[in-house]
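Structural description and commentary
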Amino acid sequence: MKEWTREERYRTLKDPQELWDMHEEVRTSDYRQQFHIQSITGLINDPNGFVRHNESWHLFYQWCPWGAVHGLKYWYHVVSKDLVNWKNLGICLMPDREYDNKGVYSGSAMPIGEDLYLYYTGNHRDEDWTRHAYTCLARLKKDGWLEKYPLPLFGENKNYTEHQRDPKITYIKELDTYYIMIGAQTKKHYGCALVYSSKDLLHGWNFVGELKVPGFEKFGDMWECPCIERIGEQDVLIFCPQHLLLPGRGQSDNHNGYILGTMDWENLTFTPDGSFHVLDFGFDSYAAACANNVNRDNHAVLIAWMGLPDVTYPTDEENWSGCLTLPRELSVRDRRLIQRPISGLKELREKEIELSDYQSGTVIDLPRVCEMELYFRPGDVSLQLFADKNGNGGLSITYSELLKEIMIDRGGMKTTFNEAHGLTRTRTLPNGLKHLRIFIDRSSVEIFVNDGDAVFTSRIFPADGEAFTKVTGDVYVRMWPLKAACEDLLIV
């Protein structure tokens, strides 16, 4: 594994040609995705500025161009008409001011008229490498011209540690007030969220307090990417508590989850209605972002980083790492968030593979890029993905009718990684297993259980011979190859 110097990680990109040879090498990787957003080179992490604007979906992502390493971060811009087919537009925000000299970190977006306003964390480092966080603003015009505001909206709050980032902008109509919520860490090293408000998106921002969440005052040592979404009549606090161990998740200590409850903006109090739930039961999901300016009754649209902080992946040696999840439509059912894949994904289906006479236990070819739907009758189930020609090994999905529990196990893959975080994940299904919808790309699998009751998102890296699948149980199986949907062009 390459040892990166600080100078290498924080090198400034001066000419797109610097990336040409790396991109040509990266795009030949056997693990490049076909219908997931991924970086053109280097590392992708948090989705930023997700918004519906001017009849298009805009999304930006954190990008370090030089390799699979966290270093100098840019905002890279992609756009879609349908949340399925995405085009690369190139760098939008770059670290070119004193207040963001070591990276433009995560944030959000808000449209005003035809312009798009981008709120982000400017990561500044002094000569002695002391960090200072600034909440900054840029305007992206319809013609693609970008203007950064000359000064940050506000700087760090000295009553908290240096860890203050990820501004999420929202508008509360009843109060005619804009709020920015920022993930932070108290001086006692507990996670929290800070709230700023203004009557004007561009001026007059004031610190109004720390978000109060009764019962969660000592929950993790930092909260990243906090936001509060209104879904129907329900408020949802979504955030990423760090350095916290949760039952059933091995030594993984960075999580993405949510709490249902009621938000009182005037008193800055989120009153929980239940406990913390993970958003995704799989191995690789973090930094979820909901789209701003979405007019969908009782729904929100979410996308996340298909990766985790402080871990490695097999493609790190190929100078690239990570991708984003498929967009999901969120709703609330039975006091839980429900996540369904965007309906437009069905447009990627090619001619259905004939499986009408499939028999339980038969080994069949598994396309590297496909969608599967499985309908179950009561009883135990075993599904092997990426198995060998005899149906053994690979990624195992099992369901116990007695325990009412589904388990995902990637320990049977030839290529394993991050073993300390655990090789299995489970989810109780009180109403049993009825349906799975599975999206397989060249290095990922996303499993939607029972019409969104649970989701398991995981990176996988099949080796030679891991090209088959076997289903055992009383099940009806359908399968479609999927078309490519995301550009892999070097646009900088």
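Here goes a summary of the coordinates provided. Given the structure is predicted, the values throughout are model-derived calculations rather than measurements.

Looking at the overall build of the protein chain
- In terms of regular secondary structure, the protein chain is built from two helices and 33 strands.
- The globule rule puts the C-alpha radius of gyration for 492 residues at 23 Å, and the 22 Å found for the protein chain is close to it.
- Taken along the three principal axes of its C-alpha coordinates, the protein chain extends 65 × 50 × 40 Å.
- Within the protein chain, buried positions represent 60% of all 492 residues.
- When contacts within the protein chain are restricted to residue pairs at least 6 apart in sequence, long-range pairs at least 24 apart make up 60% of them.

Points about the side chain of Gln38
- Among the structural elements, Gln38 can be located in the loop between α2 (20–26) and β1 (42–53).
- At 3.0 Å, the side chain of Gln38 forms a polar contact with the backbone nitrogen of Gln33.
- Sequence-distant contacts of Gln38, defined by excluding residues within four places in its chain, comprise Arg32, Gln33, Ile44, Tyr61, Trp320, Gly322, Cys323 and Asp488.

A few points about empty space enclosed by the protein
- Throughout the structure, instances matching the rule amount to nine cavities of 30 Å³ or more.
- Quantified by volume, the largest cavity comes out at close to 190 Å³.
- Lining the largest cavity are 19 residues, and of these Pro47, Gly107, Ser108, Lys168 and Ala289 lie nearest its centre.
- Every element with two or more residues in the lining of the largest cavity is listed here: β1, β5 (104–112), β9 (160–172), β13 (223–231) and β18 (286–290).
- Of the residues in the lining of the largest cavity, the class split is 11 nonpolar, six polar and two charged.
- Surrounding the second largest cavity, 13 residues form its lining, Arg249, His255, Asn256, Asp280 and Ser285 being those nearest its centre.

About the cut-offs
Residues numbered from 1 in each chain as written. Predicted model: local features only at pLDDT ≥ 70, side-chain atom pairs only at ≥ 80, totals over all residues. Heavy atoms only, no water. Helix = DSSP H or I, 4+ residues; strand = E, 2+ residues; numbered from the N terminus. Rg over C-alpha atoms; globule rule 2.2 N^0.38 Å. Buried < 20%, exposed > 50% of the residue type's maximum accessible area, 1.4 Å probe, protein only. Contact = heavy atoms within 4.5 Å. Polar contact = N/O pair within 3.5 Å; in protein donor to acceptor, adjacent residues only side chain to side chain. 1 Å grid on protein atoms, 1.4 Å probe; cavity = no way out; pocket = protein on both sides within 12 Å on 5 of 7 lines; lining within 4 Å. Points joined across faces, edges and corners; volume = space filled by probe spheres on them. Nonpolar A, V, L, I, M, F, W, Y, C, P; charged D, E, K, R; others polar.

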